[in-house]
Structure formats: structure tokens, C-alpha cells
Amino acid sequence: MRLMHTLAIAGLTLLLACQTVPPVTVPQTPIVQVPQVPPPKPRIALVLGGGAARGFAHVGVIRALEQEKIPIDMVVGTSVGGLIGAIYASDLSSFDLEWTAFQLEKDDLFDFGVMNAVTGMGFAKGDKLEAWVKSHIKTANIENLKIPFAAVATDLNWGYKVVLDSGSVARAIRASAAIPGVFQPVQHQGKILVDGGVVDNIPISVAKAKGADIVIAVDISGNLGNTNITNLLGVSLQATNIMFALNVEQSKKNADILITPAGIGDIGMLDFTQKKRCMQAGIEATQKSIPNIHRVIAAWVAAHTQPAAPVR
């Protein structure tokens, strides 16, 4: 009996010793899915300076930017820069811009008259310029343009810079392009206005104040030399050209990218025969600036991208 009891205990012990120890379950850390946040995009402003007939270079600048898929989120312009900028802001197509701009002739803008100069305050009234804008830009008011837009003019009475970012597109362009002594001043929004180039021919500060992160500015005011001044109109245009160029020297320093079309400095302010030459100069100058534009955009994105949150 004792033997059987001893054998039973031994067998039970052996049985227990042979049992497999159950595995220890280690709780798994759940995988945290970090949402993919798209990189921030800078708000890019295109600032177009004044320079009368040389403004066709702006058309080439816009075409090159569009071809390179550089976004334009805002346009600010003075004088002819305002005119070209408004045409683009109304349609957002460089092809349509080129088509419209190249229809423009000097006689479409300048309603010269002897009596205007004798009894008025300029050789031309500016009615034709305003009418042309109305017939070629179908959007009547600035606030309804496809992208934010502003034209810059000068308060003739007090010398203030006036930013026109609402109301009539045509009236704003007429005021912004009213070259002193050439066009009569324009009564608009309770002020007497002349060309914005008098105080700010490349209104970079306006774009910055409106929230632009990066400003691409276009300067067409270079080359002041003119030895063919023979009449009062020529005096007015040359004096205006000098005034424009001098204030550009200060304002252009604040541009993130400055585009200066080459080879158009000898084109007169009223020479509308050099449209293609100006446009090509704008294209070439912009193409040279494209690598720098991409660098500036990339640097802005890197500086404004938040580092990825650690996975816990």
C-alpha cells in the first residue's frame, strides 16, 4: 500500500514537471498614424512697375511665370503695371492677356488736344484710356476680379500714396496711369489723383501690407538717358521718367525677387511699336530668375514647416 502511494506521488510529480509553461503575453504598443500635413504655401505677390510702353514686358513676365507654374496670389501695379495687372487678374490667362494687350495702341489711350493743355491740366483727358479698359476688362469692380488686385495712385493735393483696391477697375487704372502733365488728374473716391509712380513706382510695400509672403517685382524704369527732347510733352515725359526711376531705387530693395527686363531702356515711353521686343525681354529676364524664385519659395516653406511630432 505504501509502495503504491509512493509511486502515485512520483507519477504526479513527473506529470506536473512535464507540463508546458504557458507563454507570457506582452501587450503590443498600438501604431499611431501621424496625419500627413501638406507643406504650407507662401502667398506670392507680383508687383508691376510703371514705364508706359515698356509695360509690354510685363506680359512676357506673366507668361514665363505661368509656364513655370509659379502661382500668383496677388497683383499690385502702378501705371501701366496696374493696367497689365488688371487685365491678367480679370482672366488669369497669359494667352488672353497677350491677345488683349497687343491690341492696345497709343491712339487708344491718348486723347490729345491743344485745348486740353491750354485750358486743362494735361495734354490728354484720359477718357479714351478709361473707355478702353471698360471695353476690354469685363469685370467692373476690383473686388470681383479673380485674384486680389490693387492699383496705386498719388493724391495730388497732399502727396499721399493711394491704394485703389475696390470700386471701378477702369477708373482706378485711369487714375494710376495719369502721368502728370500728360494726362489730366482724375477725381476719384473724393481725391484728385495722378500717376502712382510719383510716390511709388514699384509698390512692394503695398503688397507686403496686404499679406504677401514673397514679392516678385518687375522694374521697367531703367535708362534715364534721352537726348531727343524737343517739345513740352517730351519734357513732361522725361521729368516723369526721372521721378519714377529715383523712387524705384529705394523701393526695389525690399523685393524678394527683382526682375529687370534687359534691352528696353532705349524704348520711348510712348513707343508702341516695340511690343514684341518688350515681351521677349520680359520672358528672358523671368526665365533667368526662375531658379532663384524656386529657391526663395523652398526657403520660405522650410522655415514655416513644423517638425514632425514624435511617435509615442
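Here is a short report on the structure shown in this document. Every value quoted in this text rests on a predicted model; they were computed, and no experiment measured them. (Residues numbered from 1 in each chain as written. Predicted model: local features only at pLDDT ≥ 70, side-chain atom pairs only at ≥ 80, totals over all residues. Heavy atoms only, no water.)

### Overview of the pairing of strand β5 (residues 161-164)
Side-chain alternation along β5 places Val162 and Leu164 on a buried face and Lys161 and Val163 on a face that remains uncovered. By the bridge criterion, 4 bridges tie strand β4 (residues 149-155) to β5 in an arrangement that is antiparallel. Bridged to Val152 within β5 is Val163. Hairpin geometry of β4 and β5 is characterised by an intervening segment of 5 residues between the two adjacent antiparallel strands and by a positive phi of about 75 degrees at Gly159. (Buried < 20%, exposed > 50% of the residue type's maximum accessible area, 1.4 Å probe, protein only. Helix = DSSP H or I, 4+ residues; strand = E, 2+ residues; numbered from the N terminus. Pairing = 2+ DSSP bridges.)

### Some thoughts on the packing of aromatic side chains
For the coordinates displayed, the defined rule picks out 2 aromatic pairs. With 5.8 Å between their ring centres and 70 degrees between their planes, Phe56 and Phe102 make a pair best called edge-to-face. Residue Phe56 is located in helix α2 (residues 56-67), and its partner Phe102 is located in the loop between α4 (94-101) and α5 (106-109); the two are separated by 46 residues in the primary sequence. Here Phe102 falls in the partly exposed class, since its relative accessible area comes to 21%. Look at Phe56 and Phe272: their rings are 5.8 Å apart centre to centre, the planes differ by 85 degrees, and that puts the pair in the edge-to-face class. Taken together, the residues span a long stretch of sequence, with Phe56 in helix α2 and Phe272 in the loop between β10 (257-259) and α11 (275-303) at a distance of 216 residues. The burial state of Phe56 is the same as that of Phe272; both residues are buried. Each member of the aromatic cluster is reached from another via a ring pair, and the members are Phe56, Phe102 and Phe272. (Phe/Tyr/Trp six-rings, centres within 6.5 Å; stacked < 30°, edge-to-face > 60°.)

### Some points on empty space enclosed by the protein
Following the criterion strictly, the structure yields 1 cavity of 30 Å³ or more and no others. Its boundaries defined by the atoms lining it, the largest cavity holds a volume of some 170 Å³. Lining of the largest cavity is provided by 16 residues; of these, Ala52, Val80, Leu109, Phe110 and Ala177 occupy positions nearest its centre. Grouping the constituent residues of the lining of the largest cavity by class yields 15 nonpolar, 1 polar and no charged. (1 Å grid on protein atoms, 1.4 Å probe; cavity = no way out; pocket = protein on both sides within 12 Å on 5 of 7 lines; lining within 4 Å. Points joined across faces, edges and corners; volume = space filled by probe spheres on them. Nonpolar A, V, L, I, M, F, W, Y, C, P; charged D, E, K, R; others polar.)

### Remarks on the nonpolar core
The nonpolar side chains of a soluble globular protein tend to be buried, and buried together. Grouped together as the largest cluster of nonpolar side chains are 76 residues, with contacts concentrated most on Leu46, Leu65, Val133, Phe149 and Ile216. No other element matches α11, which puts 10 residues into this core. If near-sequence neighbours (up to four positions away) are discounted, Leu65 is found in contact with Leu46, Ile70, Ile72, Ile216, Thr286, Ile290 and Ile293. If you look at the next biggest cluster of nonpolar residues, it comprises 15 residues, including Val47, Ala150, Val206 and Ala217. (Core = buried A, V, L, I, M, F, W, Y, C linked by side-chain atoms within 4.5 Å. Contact = heavy atoms within 4.5 Å.)

### Some thoughts on unusual backbone geometry
Excluding glycine, most residues fall at negative phi; most peptide bonds, likewise, are trans. The backbone of Ala52 shows a phi angle near 55 degrees, a positive value even though the residue is not glycine. Structurally, Ala52 is set in the loop between β1 (44-48) and α2. For Ser79, which is not glycine, the phi dihedral falls at a positive 60 degrees. With respect to the helices, strands and loops of the structure, Ser79 is situated in the loop between β2 (74-78) and α3 (80-91). Under the relative-accessibility criterion, Ser79 is labelled buried at 4%.

### A look at a nonpolar patch on the surface
Taken together, the side chains of Ile229, Leu232 and Val235 present a nonpolar region at the surface, about 260 Å² in accessible area. Structurally, Leu232 can be placed in helix α10 (residues 232-251). The class of Leu232 is exposed, set by a relative accessible area of 56%. (Patch = residues over 30% accessible without salt bridge, like charges linked within 9 Å, V, L, I, M, F, W, Y side chains within 5 Å. Areas by Shrake-Rupley, 256 points an atom, 1.4 Å probe, with all protein chains shown as cover. Salt bridge = Lys/Arg side-chain N within 4 Å of Asp/Glu carboxyl O.)

### So, the pairing of β2
Most of β2 is tucked away: 5 of the 5 residues are buried. Here β2 shows two buried faces, one formed by Met74, Val76 and Thr78 and the other by Val75 and Gly77. Handedness of the crossover joining β1 and β2 through α2: right-handed. Examined bridge by bridge, β2 and β4 share 4 bridges and lie parallel to one another. Counted as the bridge partner of Gly77 is Ala151 from β4. (Right-handed = clockwise from strand over helix to strand, strands pointing away.)

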